[in-house]
Amino acid sequence: MKELVPLFILVMLLGLCGCTESDSLDSKDLGYLESLDLKDFSLVRAKGKSVFLGTNDSAAPISARPMMESKFDYDFWMGDHEVTCKEMGISCADSLPATNVTLFDAILYSNRRSVAEGFDTAYFYTSATFDNSGSCVGMEGLVFRPEANAYRLPTEAEWMYAAGLNWNPKNSWNSENSGYELHPVCTSKEGKDGFCDMAGNAAEWVHDFKVRFRSDAVSNFAGGKRANGLDERVVKGGSFRNGAASIRLYRRDDVYTVTSSTKADYVGFRLAFGAIPSPTYLDSRGEDNVVGYSLLVNSKTVNDFVGAEHAKLVFKDDATERLVYVNFDGAVRSVDEFPVDVGYHSDISPDGKFVAYSTGLEGISGKSEIRVRRLDASGVEQVLPVESATIPRWRVLENGDTVLVYVTDAGNNKDEADFLKRGTYQVSFSGQNANGNFGKPEKLFDGAYHGGVSPNNGIAVTGSTLLRARVGEKNQVWYDGKQACNVSLSHGGANKVLFLDFGGKLGREFVGKSYGTHERVLIADSTGKLINSVAAPVGYTFDHTEWIAGSDSIFVATLVDVNGAHRKIVLVNEKSGETLPLVEGEDLWHPALWSGENSFDESSWNFDSLGVYYAEHDQYWRILPQKMSLLWKYRDSVEVACLGNSRMLHGAIADELNFFALNMATIPCDMHCIEFLYETYISLHLKNLKYLVIGLDFDLWNEYEPMGSVNVNRGDALGFQYDENHDYWPDGVDSLFVSRVEEIANAEKDEDYVDMRKRAGWIPRTCINDWESNGTGYVEIQQDSTWNNDDSRYESNYAELERILDIAKRKNIVVVGVIFPLSPYYRNTGSYGRYGMRRSTAEMLIQRIKKIAEENKNFVLMDENKMGNHDYFGDVAADYDHLCDKGAEMFTSRLDSLLKTLEKGCEKR
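Counting starts from 1 at the beginning of each chain's written sequence and moves along it residue by residue. This being a predicted model, a pLDDT of at least 70 is required before a residue's local features are given, and a value of 80 or more before pairs of side-chain atoms are given or counted; all residues contribute to the totals for chains, interfaces and linings. As a convention, hydrogens and water are excluded, and side-chain values are obtained from all of the structure's heavy atoms.

## Regarding the overall build of the protein
Threshold: Runs of E in the DSSP output that reach at least two residues are strands. Runs of H or I that reach at least four are helices, and both are numbered from the N terminus. Remark: exposure states derive from per-residue accessible area (1.4 Å probe, protein chains only) relative to the maximum for the residue type, with buried under 20%, exposed over 50%, and partly exposed in between. Two residues form a contact once any of their heavy atoms are found within 4.5 Å. Only the protein chains shown count as cover for residues, and all accessible areas are computed by the Shrake-Rupley method using a 1.4 Å probe.
From N to C terminus, the protein includes 18 helices and 50 strands. Buried positions account for 60% of the 909 residues belonging to the protein. Taking the contacts inside the protein whose residues are at least 6 apart along the sequence as the reference set, 67% of them involve residues at least 24 apart. Roughly 35,500 Å² of accessible area belongs to the protein as shown, and the carbon and sulfur atoms make up 46% of that amount.

Right, here's the structure in full:
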């Protein structure tokens, strides 16, 4: 991988990251869009109109249901045709649609075109990553600016509205030269108010993160505010690989999961232009997503900056009244949110497991509560049972006890007598149970020293409005009695004092020039002497400054814009002056950053790589990374392992078998993938394995080159590379290894994955398709038979099957090969199933599998499809070739009976 990290280089060379002088254009001016003359674009007059996204057809995928109305409060421009190879400047015929491009590539082109034509840019990012072919496969700090009048990807709603003006999927199929190739984009629109090739030719990227629809109407729909656990995006329109009957206006996906870094020879894009006023975002469940922030960095960047193996950030999103927790683990960045009415001055416990915060604010007198909760979202919030407590700070005493230091009141400290009436206290805290327990509070000394207390109580500091310090037994006033606030005592042992001021005389003399309120951070040593100062970035001032845990040189702060809004959270190295933006939003308060050393005992394991099965790039799904934790955890107990593709993933309910079983199926997974997982992990580490159940999805054996399905499951994940470099640990692993893998897996909060782990790797699907015994009903055929004509790929998959059987025979393992049932209606077509394989070809392949079964006593064929002449009827299907939960129960029961028969030593049927 190649990385472009410095932002200023991107700005100078490509003009991709910043804004241009056309920021002054008023997007609310009704005549502005009409005044433009955009080449090969048409103005779509959508204001006051609606489009219906999705469908209520029960046979449609759940991601496309229910039908949802999206209203438009604006007009926009749409490209007449897909962006061409000539326009992108890539190597292919000039007039063909530009394909094999990622969504990030489309973003780069959008910004480049905006800058070239003197417009604002719709996308901001801090760095980009490219693969060896030159495709952009990652963008750090990517932020979409809907208010910009700029070129951008259309939203799904915009795309569907434009496509619906002249939807014509009959023209999507290009049958020349075997029927499967792109054709040049059209040079004029197909008809009045129509756009070229929206049905067929190349499928098209749109802007949206993929989320569920809802039944209530929305306005100016723009998808999800941020990625779900899979980073799924939406593609529209079908391609030259799809038959006309399978191209539907509501379809929003591909055969496999589509993420921002996905690319294919049949996926391109067209552009839209114009601002989106007040866009509506939904979350993964189809509920309003009012997230007021965007994360700007990945885990590695943060951890490298602070010099730790993993970091954690907590802050208050004041716009949505939520406490936000970001886990910058070395493996995967995860986010949790906790609704809070008030929650300020957050601090993370020394073990990184709890967060404490107060209802009171610095400078405000009155009663306050301190609340503590677990960061993993388990347990309930605990309130410190005292009359008043505010601004909590964790520390560890010399005897090893963890305590919270707090003050009784954090109001103005200018009057010394009033200040000394308040107190500084500490209370022990134990996190042994789910919620944690408080001990008995004890008073440390008079005075509200809420800026921090050193471990030996030798120095304590506070601010607002005076910078007060308690050194030894003496109470002192520092900084010449001038106003100071946001005081923080460093945690690294040097007892440096960080604070903000109002451009005071001492500060000006120390810096050597004048500055405004909060424009600089000042740093004093443990005696109050100024030793350093750091300026805020241009256009901002500092607020909420705090040293990060364990550091004497790095602090976290919010940045306030000229309108007084707390727009960003940054890390700052006070020695080098380097600043790292972490979060951008509407109103961000009181960040706390914890940087922990690894929490394991000393061992030879490399915790930067161990168990990091999540990839930054080139990994279609996160199913296998989650399942690896199950494999390692139950490696000494598993008797049955199920491997295969999506049909096995949804069809085999492992925890309903009368054996200790795991469903290790993933997507995609042909015989190369199955053999890889069996040889490298399962055969080596599942010591009590008796039966290996594998999916024989031969109609998909042509999808990937050898090892292709393996590579898209591994991506560039460090964990798989680490395992490979150590020959997949033939001598076994220890409990530390397993604990680390589990810790990383537990950071994934997507409900589907959490439920999958609870169900031993099975993912259920909703029953939406009845399979009738007479073979009636509707089916889908996405490709014609020419897609399945590469005999070499069949042979390579057969070779992998033979290798699996050979390894299993040596280990006395019985292999059960499953042909899953498909819609019986396919027997009324010339196709075996969805992917267009000829039925005659399928029969030939099945006969060869039967012959292999006859020649191998440890191989049992379980043909549940029988070329469509099966008995899976009624409410058993999720779609045309997958079982739903009821169908899975039926299949699992039959598999269980077969395994019981084999267990009894019956002869192979």
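Anyway, onward from the coordinates.
## What about the packing of aromatic side chains?
Within a pair of aromatic rings, the relevant descriptors are the distance that separates the centres and the angle that separates the planes. Heads up, the rule is: Two rings from Phe, Tyr or Trp (for Trp, the six-membered ring) form a pair when their centres are within 6.5 Å of each other. A pair whose planes differ by under 30 degrees is stacked, one over 60 is edge-to-face, and the rest are tilted.
Applying the stated criterion across every chain, the model contains 38 aromatic pairs. With centroids separated by 4.7 Å and ring planes inclined at 65 degrees, the aromatic side chains of Phe119 and Phe273 adopt a geometry described as edge-to-face. Linking Phe119 in the loop between α4 (103-116) and β6 (123-124) with Phe273 in strand β16 (residues 272-273), this pair joins segments that are 154 residues apart in sequence. Each member of the pair, Phe119 as well as Phe273, is classed as buried.

## Quick word on the pattern of salt bridges
We count it as follows: Note on definitions: salt bridges are taken to be side-chain nitrogens of Lys or Arg within 4 Å of carboxyl oxygens of Asp or Glu.
Applying the stated criterion across every chain, the model contains 47 salt bridges. With a closest N to O distance of 3.0 Å, Arg567 and Asp561 form a salt bridge. Under the relative-accessibility criterion, Arg567 is labelled partly exposed at 26%. Between Asp896 and Lys900 there is a salt bridge, with its nearest N and O atoms 3.3 Å apart. Of this pair, Asp896 and Lys900 both sit in helix α18 (residues 885-903), separated by four residues, roughly a single helical turn. Members of the salt-bridge network, linked through shared partners, are Arg647, Asp697, Asp699, Arg765, Arg834, Asp879 and Asp881.

## Remarks on the sheet that holds strand β48 (residues 814-819)
To keep things clear, this is the line we draw: Two strands are counted as paired when DSSP detects at least two bridges linking them. Lines fitted to the C-alpha atoms define the axes, with helices restricted to the stretch that makes contact. Angles between their N-to-C directions range from 0 to 180 degrees.
In spatial order, the strands read β45-β44-β46-β48-β49; together these five strands make up an open sheet with parallel pairing. Among the strands making up the open sheet, the edge pair consists of β45 (661-663) and β49 (859-863). Shown here is a sheet whose adjacent strand axes are inclined to one another by a mean of 15 degrees, direction ignored. Pairing of β48 with β49, which is carried by five bridges, proceeds in the parallel orientation. The residue bridging Gly817 from the neighbouring strand is Leu861, located in β49. Its contacts with the sheet place helix α17 (residues 839-855) against β48 and β49, and it is angled at close to 145 degrees to β49.

## Considering the pairing of strand β4 (residues 68-71)
Side chains Met68 and Ser70 of β4 all project onto a buried face; the interleaved residues Glu69 and Lys71 project onto a face where none is buried. The pairing of strand β3 (residues 50-53) with β4 spans four bridges and is antiparallel. Bridge pairing in β4 links Ser50 to Lys71. Judged from the two bridges that link them, β4 and strand β12 (residues 218-219) form a sheet pairing that is parallel. Within β12, the position partnered with Lys71 by the bridge is Ser219.

## Section: the state of the cysteines
For clarity, the cut-off: Any cysteine sulfur atom paired with another within 2.5 Å is treated as part of a disulfide.
Under the defined criterion, the tally for this structure stands at four disulfides. Cys85 shares a disulfide with Cys92; S-S distance 1.7 Å. Looking down the S-S bond of the Cys85 and Cys92 bridge, the torsion is -110 degrees, so its handedness is left-handed. Note that Cys669 is cross-linked by a disulfide to Cys673, the S-S spacing being 2.1 Å. Negative torsions about the S-S bond denote left-handed disulfides, and the value of about -90 degrees found for Cys669 with Cys673 makes this one left-handed. With respect to burial, Cys669 and Cys673 carry one shared label: buried. Numbered by position along the chain, the disulfide-linked cysteines of the protein connect as 1-2, 3-4, 5-6, 7-8.

## Overview of the side chain of Ser595
Test applied: Whenever a nitrogen or oxygen atom comes within 3.5 Å of another N or O atom, the pair is scored as a polar contact, on the condition that within protein one atom can donate a hydrogen and the other can accept it, and that pairs from neighbouring residues in sequence are kept only if both atoms are in side chains.
Its location among the elements puts Ser595 in strand β43 (residues 588-596). In terms of polar contacts, Ser595 uses its side chain to reach the backbone carbonyl oxygen of Ala549, at 3.2 Å. In this view, Ser595 contacts Val306, Ala308, His310, Ala311, Ile548 and Ala549; residues no more than four positions away in its chain are not counted.

## Points about unusual backbone geometry
Pro66 follows Arg65 through a cis peptide bond whose omega is -5 degrees. Mapped onto the fold, Pro66 is located in the loop between β3 and β4. Not every positive phi belongs to a glycine, and His345 is a case in point at roughly 55 degrees. Here His345 is to be found in strand β22 (residues 344-348). With phi around 55 degrees, Trp729 is a residue other than glycine that occupies positive phi space. Along the polypeptide, Trp729 turns up in the loop between α13 (718-725) and α14 (735-746).

## Digging into helix α9 (residues 623-633)
Within α9, ten of the eleven residues are buried, which leaves the element mostly enclosed by the surrounding structure. Among all positions in α9, only Ile623, Leu624, Pro625, Gln626, Lys627, Met628, Ser629, Leu630, Leu631 and Trp632 are buried.

## Here's the deal with the sheet that holds strand β37 (residues 520-524)
As summarised here, the arrangement of the four strands in space is β35-β36-β37-β38, forming an open sheet in which the pairing is antiparallel. Edge positions in the sheet fall to β35 (484-489) and β38 (530-535), since each of these pairs with one other strand and no more. Averaged over all pairs of adjacent strands, the angle between strand axes in this sheet comes to 25 degrees, irrespective of strand direction.

## Some points on the environment of Glu369
Inspection of the secondary structure puts Glu369 in the loop between β23 (354-358) and β24 (370-374). Classification of Glu369 as partly exposed rests on a relative accessible area of 34%. Sequence separation of Glu369 and Val386 is 17 residues, and the distance between their C-alpha atoms is 8.0 Å. Beyond its immediate stretch of four places on either side in the chain, Glu369 contacts Tyr357, Ser358, Thr359, Val383 and Ala389. Reaching out from Glu369, the side chain makes a polar contact with the side chain of Arg371 at a distance of 3.1 Å.

## Examining the packing of α9 against α14
The cut-off we apply is this: Reported orientations rely on four angle classes, namely roughly parallel under 35 degrees, roughly antiparallel over 145, roughly perpendicular from 65 to 115, and oblique for the rest. Each crossing is labelled by how the near helix is turned from the far one, with a counterclockwise turn of less than a right angle marking it left-handed and a clockwise turn marking it right-handed. Polar here means any residue outside two lists: the nonpolar Ala, Val, Leu, Ile, Met, Phe, Trp, Tyr, Cys and Pro, and the charged Asp, Glu, Lys and Arg; Gly therefore counts as polar.
Look at α9 against α14: their axes get within 9 Å of each other, and the N-to-C directions meet at 150 degrees. Overall, the two elements α9 and α14 adopt an arrangement that is roughly antiparallel. Pair α9 / α14 crosses with left-handed handedness. Across the interface between the two elements, Gln626, Met628, Ser629, Trp632 and Lys633 of α9 pack against Phe737, Val738, Val741, Glu742 and Ala745 of α14. Split by residue class, the contact of α9 with α14 holds six nonpolar, two polar and two charged.

## Considering the nonpolar core
Which entries qualify depends on this criterion: We call a set of buried Ala, Val, Leu, Ile, Met, Phe, Trp, Tyr and Cys residues a nonpolar core when their side-chain atoms join them within 4.5 Å.
Membership of the largest hydrophobic core comes to 100 residues, with the highest contact counts inside it found for Trp632, Tyr678, Tyr681 and Phe698. Discounting residues that sit within four places of it in the chain, Trp632 has contacts with Tyr613, Tyr681, His685, Asp723, Trp729, Val733, Phe737, Val738 and Val741. Residues Cys85, Ala106, Ala128 and Leu271 belong to the second largest nonpolar core, which totals 72 residues.

## A look at empty space enclosed by the protein
To be explicit about the condition: Here a cavity denotes grid points, spaced 1 Å and computed from the protein atoms alone, that fit a 1.4 Å probe unable to get out, and a pocket denotes an open set having protein on both sides within 12 Å along at least 5 of 7 lines; residues with an atom within 4 Å of a point are the lining. Grid points are joined across faces, edges and corners, and a volume is the space filled by probe spheres set on the points.
Within this structure, the stated rule accounts for five cavities of 30 Å³ or more. By volume, the largest cavity amounts to about 240 Å³. Lining the largest cavity are 21 residues; nearest its centre among them are Gly238, Asn242, Arg251, Asp253 and Asp254. In the lining of the largest cavity, the residues fall into five nonpolar, seven polar and nine charged.

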